[in-house]
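Structural features, examined
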Amino acid sequence: MAQTKHKKKKTSKKRSRELLVGLGAVATAMAVLVLLCIGFPARAGPAETIPRVTAPAEPEPNIYGPEDFSVVEGYLTCTAGESVLGIDVSSHQKEVDWQQVADAGVKFAMVRLGYRGYESGAVLPDRNAGENLRGAREAGLLVGAYFYSQALSVEEALEEAEYCLEMLDGYPLDFPLVYDWEYAGEGTRTADYNSRTLTDCTIAFCETVKQAGYEPMLYFNTHLARDGFLLEELTAYDFWLAMYDVPMNFPYRVQMWQYTQSGTVPGIDAAVDINLYLP
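Right, let's get into unusual backbone geometry. Of note in the backbone geometry, Lys94 takes a positive phi value of approximately 55 degrees without being a glycine. Examined against the element boundaries, Lys94 turns out to sit in the loop between β3 (84-89) and α2 (98-103). Residues other than glycine seldom take positive phi values, yet Asp245 does so here, at roughly 55 degrees. With respect to the element layout, Asp245 can be found in the loop between β9 (238-242) and β10 (256-263). Of the residues examined, Asp245 reaches a relative accessible area of 67% and is grouped as exposed.

Here we take up the pattern of salt bridges. Following the criterion strictly, the structure yields 10 salt bridges and no others. Between Arg196 and Asp200 there is a salt bridge; the shortest N-O distance is 2.9 Å. Remark: Asp200 and Arg196 occur in helix α5 (residues 195-211); sequence separation between them is 4 residues, near one turn of the helix. By relative accessible area, which is 13% here, Asp200 ends up buried. Between Glu233 and Arg196 there is a salt bridge, and its shortest N-O distance comes to 2.7 Å. Here Glu233 is found in the loop between α6 (222-227) and β9, whereas its partner Arg196 is found in helix α5, with 37 residues between them in sequence. Judged by its relative accessible area of 33%, Arg196 falls in the partly exposed class.

Before going further, it helps to spend a moment on the confidence of the model for the protein. In this model, the protein carries an average pLDDT of 86, and 81% of its residues clear a pLDDT of 70 or more. Note on residues 1-48: pLDDT under 50 across the span, and 6 contacts to partners over four residues away in sequence or across chains.

This next bit is on the nonpolar core. One finds Ile87, Trp98, Leu177 and Phe220 to be the most contacted residues of the largest nonpolar core, which totals 66 residues. Discounting residues that sit within four places of it in the chain, Trp98 has contacts with Ile87, Val89, Ala109, Glu131, Asn132, Gly135, Ala136, Ala139 and Leu141. Counting residues in hydrophobic clusters, the runner-up holds 11 residues, among them Met110, Phe175, Val178 and Met256.

Our focus in this paragraph is a negative patch on the surface. A grouping of Glu95, Asp97, Asp103 and Glu131 is seen on the molecular surface, where their side chains present a negatively charged patch. Looking at the element boundaries, Asp97 is found in the loop between β3 and α2.

This part covers the packing of helix α4 (residues 154-168) against α5. The interhelical angle for the contact between α4 and α5, taken along N-to-C directions, is 30 degrees, at an axis separation of 8 Å. As judged from the angle between their axes, α4 and α5 are roughly parallel. For the crossing formed where α4 meets α5, the hand is right-handed. Taking contact as the criterion, the partners of Val154, Ala157, Leu158, Glu160, Ala161, Glu162, Cys164 and Leu165 in α4 are, on α5, Asp200, Cys201, Ala204, Phe205, Thr208 and Val209. Classifying every residue of the contact of α4 with α5 by side-chain character gives 10 nonpolar, 1 polar and 3 charged.

This part is about α4. Compared with an ideal rise of 1.5 Å per residue, which puts 15 residues at 21 Å, α4 spans 21 Å between its outermost C-alpha atoms and is within 8% of the ideal. When α4 is considered as a whole, its buried residues turn out to be Val154, Glu156, Ala157, Glu160, Ala161, Tyr163, Cys164, Leu165 and Leu168. The secondary structure elements touched by the buried residues of α4 are β4 (108-116), β5 (123-125), α3 (129-138), β6 (142-149), β7 (177-181) and α5. Of the residues flanking the end of α4, it is Asp169, one or two places downstream, whose phi is positive at about 50 degrees.

Conventions we followed
Residues numbered from 1 in each chain as written. Predicted model: local features only at pLDDT ≥ 70, side-chain atom pairs only at ≥ 80, totals over all residues. Heavy atoms only, no water. Helix = DSSP H or I, 4+ residues; strand = E, 2+ residues; numbered from the N terminus. Buried < 20%, exposed > 50% of the residue type's maximum accessible area, 1.4 Å probe, protein only. Salt bridge = Lys/Arg side-chain N within 4 Å of Asp/Glu carboxyl O. pLDDT = per-residue confidence, 0-100. Contact = heavy atoms within 4.5 Å. Core = buried A, V, L, I, M, F, W, Y, C linked by side-chain atoms within 4.5 Å. Patch = residues over 30% accessible without salt bridge, like charges linked within 9 Å, V, L, I, M, F, W, Y side chains within 5 Å. Areas by Shrake-Rupley, 256 points an atom, 1.4 Å probe, with all protein chains shown as cover. Lys, Arg positive; Asp, Glu negative; His and termini not counted. Charge placed at Lys NZ, Arg CZ, Asp CG, Glu CD. Axes fitted to C-alpha atoms, helices over the stretch in contact; angles between N-to-C directions. Parallel < 35°, antiparallel > 145°, perpendicular 65-115°, else oblique. Left-handed = near helix turned anticlockwise from the far one by under 90°. Nonpolar A, V, L, I, M, F, W, Y, C, P; charged D, E, K, R; others polar. Expected span 1.5 Å × (residues − 1).

Structure below.
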């Protein structure tokens, strides 16, 4: 009797295994059938699909108004919160005496790394970039960088980002690495830009430098804020606003304000952009 019971137990286990295998086969077949019905997801390269890093949303409102800024010792300052004085430079400023700049109270410098020609479309280096990065840091300034873009496609924006990363070669920045796309006027290669492409280019550049360890930022003027960039899709990045010779009346919060393009600073013979960083 004991032997007969043992055989029944073995038979029962065998049937259980067969049942599990059968259920697994049915589940696999059903999964395949579902995929055949709905279709397999298409694979796309980075130039075809731009990641949406945030859901579209109204940018954060500006916490400052015209009454929150005043001129102190020749430079604009925020009287309602913290602000840091800085400049942005390129080869247009020629040779800079960075120690004089630091002694004048400037705390940071945004250095142009390069630019894309608005007629030729070629990516070109700023011939003073290395000297400005080195000189500003040796004088004790905090340093950020930017690229002047005229990209017409995601591929070109990625090329510009890779150019910046190759030029920096791991060089640490204290401030962001900025995407500076500007409208160059009628008759240029970018005259017929559109908001969708411009926004996709911005995301491509910013996400590329972010993956490399740099903090991305977007530069724009009020015209491009209104009729260019889709800012509601770019709220993952800090904003740098160019708005000259008028009180602060921009509706959205900005982390940096370029308040003049004709500033004067000791140590720089040419006119220079002056900025306030608003942490």
